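Residue-level listing of the chains:
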Amino acid sequence: EISDASYPIKVSDHNRIVHFKYITLHNQKYGTSMLRSLLPIAQTKIDMEDDLKKVFHRYFAPLIWATVGNDSLPASDSDIETVSSELEDINSESEVVTSHLVNLQVLGFQGKTMDITSPFQHIDKQLIAGGRVPPVLLGLSGDKDTAEVGLRSFSEHVEAIQRLLKASGAWAISS
């Protein structure tokens with residue numbers, strides 16, 4: 001186990017910390033973080049990717065409609081509960097054996113259309129716009145010319161922030 005105590009202390013005194021104010025509005029004391037506004041959208045992307053397995057399982061697993069009993073021999077509540085519990089963990093490789101009173105039908109994919117690209121594209125666009133990150137860094141751009149322009153623009157943005165830091169004296173402090 002790695003302990004925090006084994007790492008060298010970078011800042012030994014709070015007086016040595018320089019706060020760089022960025023995107024200040026009116027008389028804000030600390031300014032606005034470049035990343036703060038992206039945190040909710042980044043968390044949404046992480047949650048969506050975590051949920052993707054569940055979504056695919058629900059989409060690709062067949063929807064089964066089980067009819068228990070018939071007009072002459074109606075099913076009891078316990079019969080329905082028994083069949084329901086048996087079908088609960090069924091997957092595409094499962095085989096089901098029932099009495100003649102249980103009728104199973106696979107309903108297929110009617111009405112189960114799913115477009116996952118639009119939500120992910122929306123999230124990626126928000127990250128690109130909010131972070132000023134070129135799409136090529138997120139693996140989204142296939143056009144070489146567009147990628148080069150985006151990377152050049154991003155480099156200029158980073159250099160502008162570096163110039164602001166240098167002008168504020170934040171880089172003059174030794175570690």
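Just so we're clear, the structure is a prediction, and the values are computed from it rather than from any experiment.

Novice: Would you explain the overall build of the chain in this entry?
Specialist: Of regular secondary structure, the chain possesses 4 helices and 2 strands. Reading the secondary structure of the chain in the N-to-C direction produces α-β-α-β-α-α. Residues counted as buried form 11% of the 175 residues belonging to the chain. Considering only contacts in the chain between residues 6 or more positions apart, those separated by 24 or more positions represent 60%.

Novice: How should the environment of glutamate 81 be read in this particular structure?
Specialist: Examined against the element boundaries, glutamate 81 turns out to sit in helix 2 (residues 77-87). Each C-alpha atom, one on glutamate 81 and one on valine 68, is 9.9 Å from the other, the two residues being 13 residues apart in sequence.

Novice: Even after reading the chapter, I still don't get the confidence of the model for the chain, so can you show me in this structure?
Specialist: A low pLDDT score tells you not to read the predicted coordinates there in detail. In this model, the chain carries a mean pLDDT of 76, and residues with pLDDT of at least 70 account for 67%. Mean pLDDT per element in the chain: strand 2 (residues 102-106) is the minimum at 70, and helix 3 (residues 117-131) is the maximum at 87.

Novice: Before we go on, may I ask you to explain the pattern of salt bridges in this structure?
Specialist: Within this structure, the stated rule accounts for 3 salt bridges. Between glutamate 49 and lysine 45 there is a salt bridge; the shortest N-O distance is 3.9 Å. With glutamate 49 and lysine 45 both in helix 1 (residues 39-60) and 4 residues apart, this pair spans about one turn of that helix. Since its relative accessible area comes to 19%, lysine 45 is described here as buried. When the shortest N-O distance is used, the salt bridge between aspartate 124 and lysine 45 registers 2.4 Å. You can see aspartate 124 sitting in helix 3 and its partner lysine 45 sitting in helix 1, a full 79 residues away along the chain. On the accessibility criterion, aspartate 124 (11% relative accessible area) is buried. What emerges from the salt-bridge pattern is a single network uniting Lys45, Glu49 and Asp124.

Novice: Is there a simple way to explain a negative patch on the surface in this structure?
Specialist: On the surface, a cluster of negative charge is contributed by Asp77, Asp79, Glu81 and Glu88. You can call glutamate 88 exposed: its relative accessible area is 63%.

Novice: Can you walk me through helix 3 in this structure?
Specialist: Three or four residues apart is the spacing at which side chains of an α-helix point the same way, because the helix has 3.6 residues per turn. With 15 residues, helix 3 extends 21 Å from end C-alpha to end C-alpha; this agrees with the ideal 21 Å at 1.5 Å per step. Looking only at helix 3, the buried set comprises Phe120, Ile123, Asp124, Leu127 and Ile128. Projected onto a plane normal to the axis of helix 3, the buried residues spread over an arc of 135° and lie on a single side. In helix 3, the exposed positions that point more than 90 degrees away from the buried face belong to Lys125 and Ala129. Trailing helix 3 by a residue or two, arginine 132 shows a phi angle of about 55°, which is positive.

Thresholds, definitions, all that
- Residues numbered from 1 in each chain as written.
- Predicted model: local features only at pLDDT ≥ 70, side-chain atom pairs only at ≥ 80, totals over all residues.
- Heavy atoms only, no water.
- Helix = DSSP H or I, 4+ residues; strand = E, 2+ residues; numbered from the N terminus.
- Buried < 20%, exposed > 50% of the residue type's maximum accessible area, 1.4 Å probe, protein only.
- Contact = heavy atoms within 4.5 Å.
- pLDDT = per-residue confidence, 0-100.
- Salt bridge = Lys/Arg side-chain N within 4 Å of Asp/Glu carboxyl O.
- Patch = residues over 30% accessible without salt bridge, like charges linked within 9 Å, V, L, I, M, F, W, Y side chains within 5 Å.
- Areas by Shrake-Rupley, 256 points an atom, 1.4 Å probe, with all protein chains shown as cover.
- Lys, Arg positive; Asp, Glu negative; His and termini not counted.
- Charge placed at Lys NZ, Arg CZ, Asp CG, Glu CD.
- Expected span 1.5 Å × (residues − 1).
- Arc of directions from axis to C-beta.

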